[in-house]
Amino acid sequence: MKNLVILGAGTSGTMMANHLVSKLPKKDWKITIVDQYKTHYYQPGFLFLPFDTYTEDQVKKEGKKFIPKGVYYIQKKIDKILPEENKVALEDETLSYDILIVATGSKIAPDETDGLLGPLWKKDIFDFYTYEGALALRNKLREWEGGKLVVHITEMPIKCPVAPLEFAFLADSYFKNKGMRDKVDITYVTPLDGAFTKPTCTKALNYLLKEKQIKIETDFAIMEVDNDKKAIVDYVDREIPFDLLVTVPTNMGDEVIERSGLGDDLNFIPTHKHTLQSKAHENIFVIGDATNLPASKAGSVAHFQAETLTDNIILYTKGFKLKQEFDGHANCFIETGNNKALLIDFNYDQEPVHGTFPFAKIGPLKLLKESVFNHWGKLAFRWIYWNMLLKGIPIPFVGRNMSFKGKKFDIKADN
Amino acid sequence: MKKVIANREIDVNEEGYLVDFKQWDREVCECIAGECNVVMTEKHWEVIEYLQDKHHKDEPLSIRGIKKSGVINIKEFYELFPGGPLKKSTLIAGIPKPKSCI
């Protein structure tokens, strides 16, 4: 009997367990999945919690429910991966593996920024990348009387890179609906050179910032949070004052990766971008946010990766060459407020374009354009996540690689 | 699209970033730097080489990476490439600028 061990029962790990249980012969392979937490969160829902759009119950369920029969589930803390011995040390036992899948994700590391965890943390400074943070922010917003709202990204890469921008758009709608938009000044602060960083998106979407009166500060590399002045300060002493700071702190891979010596300086694991095999060990595979790939850290990306990785695990067990298949495909809804959303579809090489999705000319979803239908798509996605995506049920007509059918390459440079 | 840099036709994208790194050399580099009002010094070259090395290893570029690079600290990085150090330095280095997903 051989052992396949999956570390992490989040979006990626759970999907892999569901894919592999039906594909690996039961008489030859024992599949084990390890996660220290009981609760599985629907992380895209954290964007909606602060605005009272979703309730707590809609974004969390017991993780065990989604682990299929035939997979051993261990709820314990992972101490260390021992790649030279093909073992994983848990808090009180050691597992041996023939194949290891690392799906330990990424999380915020607010202690990486000086002053962020100072006296204003959770009073006037909030994150919405954790369940607790999103709820605390909801409570703050319910009673906030207005002032300078600063929405801020510390540094890239972050999980769901577009979430902070969606937050700014939704905040605009939220305050309008509360009849207090005139009392709120929204500024979006990014370390990149714009809110939109790809030329196609800049052209198609820059109007949104103007329309919603969101100010933008670019190329801002935060040095510290000055709690006395209530301002964020960068390395050239640029100061941006705030009354309410909603920040996306540095995102890092899990500490277990650091303890095991497997990661880069952000604890992300160097991974082959088309096969998902780790660069250092041929029997360790990596999926989702835990990789160092230049793809978005997002559930849709993990979903497409899971299909390729499943095939590659099977190929690997048979001693065949791995498929160079994963293309960085991402497919994401972006909330723009007022019950509208955008849909974007892109990969490592191809920037988001106009067109229809998933069917050429028919849609019904429109790419890179605001529509109510896309917003419904985003809301429907919560159901799809719990009932299809986690269980490894294919989403009809959405392929693992990016399709060029129905796409219009009509966004041209001005010069 | 094509752009004449150092008397040569170079392939660039809409924002002037080189599309094919093979077309990059020191002469091209100095011309682009000149357009950004940057005069290349030894330190600039060191940073450019560091960024190119990271890029070729498929490692993401970040301000934090610069901090840990041992090549330069962040204040110096801003002084060498005023305004937007990452976007300017990558333009000069002939590699893509750091991007988000949109």
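Rules of the game
Residues numbered from 1 in each chain as written. Chains lettered and ligands numbered in written order. Predicted model: local features only at pLDDT ≥ 70, side-chain atom pairs only at ≥ 80, totals over all residues. Heavy atoms only, no water. UniProt positions renumbered as here; feature names shortened; annotations may be inferred. Phe/Tyr/Trp six-rings, centres within 6.5 Å; stacked < 30°, edge-to-face > 60°. Buried < 20%, exposed > 50% of the residue type's maximum accessible area, 1.4 Å probe, protein only. Domains from an automatic or database assignment. Contact = heavy atoms within 4.5 Å. Salt bridge = Lys/Arg side-chain N within 4 Å of Asp/Glu carboxyl O. Polar contact = N/O pair within 3.5 Å; in protein donor to acceptor, adjacent residues only side chain to side chain. Helix = DSSP H or I, 4+ residues; strand = E, 2+ residues; numbered from the N terminus. Pairing = 2+ DSSP bridges. Right-handed = clockwise from strand over helix to strand, strands pointing away. Axes fitted to C-alpha atoms, helices over the stretch in contact; angles between N-to-C directions. Parallel < 35°, antiparallel > 145°, perpendicular 65-115°, else oblique. Nonpolar A, V, L, I, M, F, W, Y, C, P; charged D, E, K, R; others polar. Buried area = accessible area lost by both parts, 1.4 Å probe.

- Going by the annotation in an unreviewed UniProt entry, the name recorded for chain B is tRNA 2-thiouridine synthesizing protein E, with Algibacter luteus given as the source organism.
- Taken verbatim from the UniProt record of chain B, the Subcellular location (unreviewed entry) comment is "Cytoplasm".

- Taking an unreviewed UniProt entry as the reference, chain A is identified by name as Sulfide:quinone oxidoreductase belonging to Algibacter luteus.

Focus on the packing of aromatic side chains
Residue and element names in this part refer to chain A.
- Within the structure shown, the criterion is met by 19 aromatic pairs over all chains.
- With a centroid separation of 5.2 Å and an interplanar angle of 75°, the aromatic rings of F128 and Y129 are classed as edge-to-face.
- On the basis of relative accessible area, Y129 is assigned to the buried category, the value being 11%.
- Put simply, the rings of F51, F128, Y129, W144, F167, Y174 and F175 touch in pairs and so form one group of aromatic residues.

Observations concerning the domain arrangement of chain A
Residues and elements named next belong to chain A.
- When cut into domains, chain A gives domain 1 (2–107 + 252–317), domain 2 (110–250) and domain 3 (331–408).
- Relative to domain 3, the C-alpha centre of domain 2 lies at a distance of 26 Å.
- Between domain 2 and domain 3, the residue contacts involve 15 residues of the former and 14 residues of the latter.
- When the shortest N-O distance is used, the salt bridge between E166 and K378 registers 2.9 Å.
- There are five residue pairs in polar contact (both at pLDDT 80 or more) connecting domain 2 and domain 3.

With respect to the pairing of strand 2 (residues 29–34) of chain A
All names here are of chain A.
- Along strand 2, five of the six residues are buried, which leaves the element largely enclosed by surrounding structure.
- Pairing geometry for strand 1 (residues 2–7) and strand 2, over six bridges, is parallel. Counterpart to K2 in the pairing with strand 2 is W29.
- Handedness of the crossover joining strand 1 and strand 2 through helix 1 (residues 11–23) is recorded here as right-handed.
- Looking at chain direction, strand 2 and strand 5 (residues 71–74) are connected through four bridges and run parallel. Looking at the pairing, I33 lines up with Y73 of strand 5.

Re the sheet that holds strand 2 of chain A
Residues and elements named next belong to chain A.
- In spatial order, the strands read 5-2-1-9-20; together these five strands make up an open sheet with parallel pairing. On the outer flanks of this sheet lie strand 5 and strand 20 (284–286), each paired with one strand and no other. Ignoring strand direction, the axes of neighbouring strands in this sheet form an average angle of 20°.
- The pairing of strand 1 with strand 9 (residues 99–102) spans four bridges and is classified as parallel. Counterpart to V5 in the pairing with strand 9 is L100.
- Contacting strand 1, strand 2, strand 5 and strand 9, helix 1 runs over the sheet at an angle of about 165° to strand 2.

With respect to the UniProt feature "domain: FAD/NAD(P)-binding" (unreviewed entry) in chain A
- Per the UniProt record, "domain: FAD/NAD(P)-binding" (unreviewed entry) is annotated on residues 3–295 of chain A.
- What you have in residues 3–295 of chain A is 20% helix and 28% strand, and the ends, taken at the C-alpha atoms, are 29 Å apart.

Considerations on the packing of helix 2 (residues 42–56) of chain B against helix 5 (residues 85–93) of chain B
All names here are of chain B.
- Between helix 2 and helix 5, the least distance of the axes is 9 Å, while the angle of their chain directions is 85°. By the angle between their axes, helix 2 is roughly perpendicular relative to helix 5. Each of I48, L51 and Q52 in helix 2 lies in contact with helix 5, whose residues at this interface are S89, T90, I92 and A93.
- Split by residue class, the contact of helix 2 with helix 5 holds four nonpolar, three polar and no charged.

Regarding unusual backbone geometry
Residues and elements named next belong to chain A.
- With an omega of 0°, the peptide bond running from M156 to P157 counts as cis.
- In this structure, P157 sits in the loop between strand 12 (147–153) and helix 3 (163–177).
- Of the consecutive residues F357 and P358, the connecting peptide bond is found in the cis state with omega at -5°.
- Examined against the element boundaries, P358 turns out to sit in strand 23 (residues 354–359).
- A positive phi angle, near 60°, is found at N339, a position not held by glycine.
- Within the secondary structure layout, N339 lies in the loop between strand 21 (330–337) and strand 22 (340–346).
- Using a relative accessible area of 51% as the deciding quantity, one classes N339 as exposed.

Some remarks on the interface of chain A and chain B
- Facing the 37 residues of chain A at the interface are 22 residues of chain B.
- The junction of chain A with chain B conceals about 2,700 Å² of combined surface from both sides, 56% of it contributed by carbon and sulfur atoms.
- A salt bridge links R64(B) to E155(A); its shortest N-O distance comes to 3.7 Å.
- Where chain A touches chain B, the interface holds eight residue pairs in polar contact (both at pLDDT 80 or more).
- Secondary-structure elements contributing two or more residues to the side of chain A that touches chain B are helix 4 (199–205) and strand 22 of chain A.
- Tallied by class, the residues present in the side of chain A that touches chain B amount to 22 nonpolar, four polar and eleven charged.

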